[in-house]
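# Architecture and fold: a report
Here is how the chains run, residue by residue.
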Amino acid sequence: MELGSAHHHSRSSLSSISSTHSVDFESELSLSDKLKVFKSSQFDPDNFLTTKCRAMSEKEIRHLCSYLLDLKKASAEEMRKSVYANYSAFIRTSREISDLEGQLLSLRNLLSTRATIINGLADGVHADSLSTGQETSIKKDDNFDLEEREPSKIEKWFAQYMETLDVLLAERRVEEALAALDEGERVAEEANHQQTLNPAAILSMQTTIAEQRQKLADQLVEAACQPSTSSMELHAAVQALKQLGDGPRAHTLLLRSHNQKLQLNMQGLHPSSTSYGVAYTAALSQLVFSTIAQASTDSLAIFGDEHAFASELVTWAVKQTNSFAFLVKRHVMDLPAAAGGLRTVAESVQICLGHSSLLEARGLALSPVLLKLFRPCIEQALTANLKRIEQSTAALAAAEDWLLTYPPVGSRPLGTASLGGAIATAPKLSGSAHRFNAMAQEICEDVGPLESLQLGNQALEGILQAFNIYINMLINALPGSVETENLEGRIVRMAETEAQQVALLANALLLADELLPRATIKLTSSQHANRMDEPPRRGSDRQNRLPEQRELKRRLQRLVDQLRDSFCRQHALELIFTEDGGVRLSADMYLSMDGSPEEPEWFPSPIYQELFAKLTLIASIASDMFVGRERFATILLMRLTETVILWLSDDQNFWEEIEEGPRPLGPLGLQQFYLDMEFVILFSSQGRYLSRNLHQVIKNIIGRAIEAVAATKIDPYSVLPEDDWFAEVAQIAIKMLTGKAQFGNVDGDVTSPTASSVRSHGSN
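I will try to describe carefully the structure that is included in this document.

Below, the discussion takes up the environment of Gly703. Residue position: Gly703 is located in helix α26 (residues 692-710). The buried category is assigned to Gly703, whose relative accessible area is 7%. Along the primary structure Gly703 and Tyr674 are separated by 29 residues, whereas in three dimensions their C-alpha atoms are 9.5 Å apart.

This is the structure in structure tokens:
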């Protein structure tokens, strides 16, 4: 019954997975949840595949295979992390087991010796009991002089044997001494088996041989610890010590000898003797990891792949790596990391990781040890370097002339750029923007190759934050900014002319649209390099990076938009308000026209003439600075025009005076207002920056003005000239303001509309 219910449970689990596999593959489940179905004691692989694949298409089967491969890799990675997390305890337990095995072996030998003695004593007592009836013969034997008894053959052999063994040990003839010890143990074993010696003599022989064996072992250890011992002599001593049965001591001696030689060789490396810390790192790294490699080779050659010795080797290698990393940090990385010397730190890390990766083929994965120790230094250097970008650009912005120039001679080249293979032209930026670009490129080039540290996102966010601060500095350089200091209190030089102010926008646009995305590709490509061992996916790597690049450009563009909006707001406020705080775009300029006895000269109002002149000047400057980026110039002009018109549309004081004030808006005021709006529509349309939103807002406020006149019981359409008249006057004004007008061809009735030209006007 239990088996049936378990089988039913297994089938129901498989069925649920099969029915929801498309959801499970894409859901963000934990690894333990994904592996839960495979942990069941009733899990049947054949049944699993049959159940899932029976109703699946080829595409779904491929998807399932990819999913299972991902699970396999994730499970292997989880096991590796678990091994590293518990490796110290694992090594400690292995050592304890090895020690216990040695103690058990010693105990067994002791018990065997004690058993031999007890058996010998028992045999002696038995012999005495059998000879109680032969007292006379025994008494005669008591008179026999033992000292004059002739030694047995084996006793003669043993005496000669000890003399020979002493000579071999004195002359340090290790191989012969080992053979002699083995022979002595063999003879003692045979004597014990054949009972040619009494137990006391056998025990004495075994004890003497053991003492000589220990003496040889001590000689080997003493010789191996001498600094003058060659590698060949060391190998021979370790091998001999292993043959003596003391493998753990031999392996420890081997590792200790390599450590002594490493420390001796390291004394010749002095970090203060070189001004380039990376050279010290390279020499030290080569020395340390080559020593670890040699120790690994020696251990494998002498002890094989026995688990206890391999574990001790890994522990020793990790300890050496830790000591090496602390040396590099203290002598090479700490000072540059604190000062923002990211290149020195990054190159040192790359060298160490390169040398340590060569040991992975030997089963020694030491890179995680280095990454754990070096990561804080890299992060500190990255943070300090990002801070240097802010400080350096702020220092230049304090004395910036905001003129665009090519990069200084000797600066880092930008390389080739476009997809079409064309060589990127050198960018024209101001001094602070050139500095920002160069330092951002350095960060990306230094951090990019260190994909193992996975610092790409951190570096990218840091660059975005630094760019945000730089944008705020550019905003503070605008004359209309409330503050002229950045977060650290540094003065930012004012961009006084329109050319300097447009240069601020050119700096931000070129950095955000081209230079920073191109530089940060190194960061995103390093993240994709981490997944090179994954199954191939559809599309190229570049296509896979497109979403990341689009998101980066969107974030950069939002920062540029902040600067552009500040630029437009500042220029709009200059037009609308006077220096003493008065309002130039007021309702009075239209309400006062119908009370004047003089016939008005029909021409756009001064504020809109200035708006046209400012837009014309900015368009001319932008055409030189935004070559190839004309769309940004168009949007800039569009936003500036919209800022002025939207302010008029939302000005409650203006419309309260027009609609509810003591003086109503008359026909002449309406005509002037209509002319101003048509003038804005015409020059923005000819400049190709008339947006649908701007056109609709203008039509809405014209309709609102017409409704205000209609509320005074005046038919507004009876007093307004035709649309052609407004277009002609606006066109003449544009020609006059640009210096292209021919006054002889200007008809007199254009500025003096007659009743015959009156027609109906709508708000649309």
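There's plenty left to go through after this.
Look at helix α15 (residues 342-357): 22 Å from first C-alpha to last across 16 residues, which is about the 22 Å you get at 1.5 Å a residue. Inspection of α15 places Leu342, Val345, Ala346, Ser348, Val349, Cys352, Leu353, His355 and Ser356 among the buried residues, and these make up the whole buried set.

Considering the arrangement of structural elements, one finds Met266 in helix α12 (residues 247-266). With 22 residues separating them along the chain, Met266 and Val288 place their C-alpha atoms 8.7 Å apart. Those residues in contact with Met266, other than ones at most four positions away along the chain, are Leu284, Leu287 and Leu327.

Right, let's get into the pattern of salt bridges. For the structure on display, the rule yields 18 salt bridges. As a salt-bridge pair, Arg343 and Asp446 come within 2.8 Å of each other at their nearest N and O atoms. Taken together, the positions of Arg343 in helix α15 and Asp446 in helix α17 (residues 431-447) put the pair 103 residues apart, joining distant regions of the chain. The exposure class of Arg343 is partly exposed, given its relative accessible area of 33%.

Before going further, it helps to examine the environment of Ala477. Relative to the helices and strands, Ala477 is located in the loop between α18 (456-476) and α19 (498-529). Sequence separation of Ala477 and Val492 is 15 residues, and the distance between their C-alpha atoms is 5.9 Å. In contact with Ala477, other than residues within four places in its own chain, are Trp402, Val492, Arg493, Met494, Ala495 and Leu504.

If you look at soluble globular proteins, the nonpolar side chains tend to sit buried side by side. Core analysis: the biggest nonpolar cluster contains 152 residues, and Phe467 and Tyr608 have the highest contact counts within it. Counting residues per element, this core draws most heavily on α19, which supplies 14 residues. Those residues within four positions of Tyr608 in sequence are excluded, and the remaining contacts are Leu585, Tyr590, Ile645, Leu648, Asp676, Met677, Phe679, Val680 and Phe683. Within the second largest apolar cluster, eight residues are counted, among which are Val238, Leu241, Leu254 and Ile302.

Cut-off values and rules
- All residue numbers here refer to positions counted from 1 along the written sequence of the relevant chain.
- Predicted model: local features are reported for residues with pLDDT of at least 70 only, side-chain atom pairs are reported and counted for 80 or more only, and whole-chain, interface and lining totals are derived from all residues.
- Side-chain measures here rest on the full set of heavy atoms in the structure, leaving out hydrogens and waters.
- Here a helix means four or more residues in a row that DSSP labels H or I, a strand means two or more in a row labelled E, and each is numbered from the N terminus.
- A simple rule labels every residue: compare its accessible area, found with a 1.4 Å probe on the protein chains alone, to the largest value its type can have, and call it buried under 20%, exposed over 50%, or partly exposed in between.
- Working rule for helices: expected span equals 1.5 Å times residues minus one.
- Whether two residues are in contact is decided by their heavy atoms, any of which lying within 4.5 Å being enough.
- Any Lys or Arg side-chain nitrogen found within 4 Å of a carboxyl oxygen on Asp or Glu counts as a salt bridge.
- To define a nonpolar core, start from buried Ala, Val, Leu, Ile, Met, Phe, Trp, Tyr and Cys residues and group those joined through side-chain atoms within 4.5 Å.

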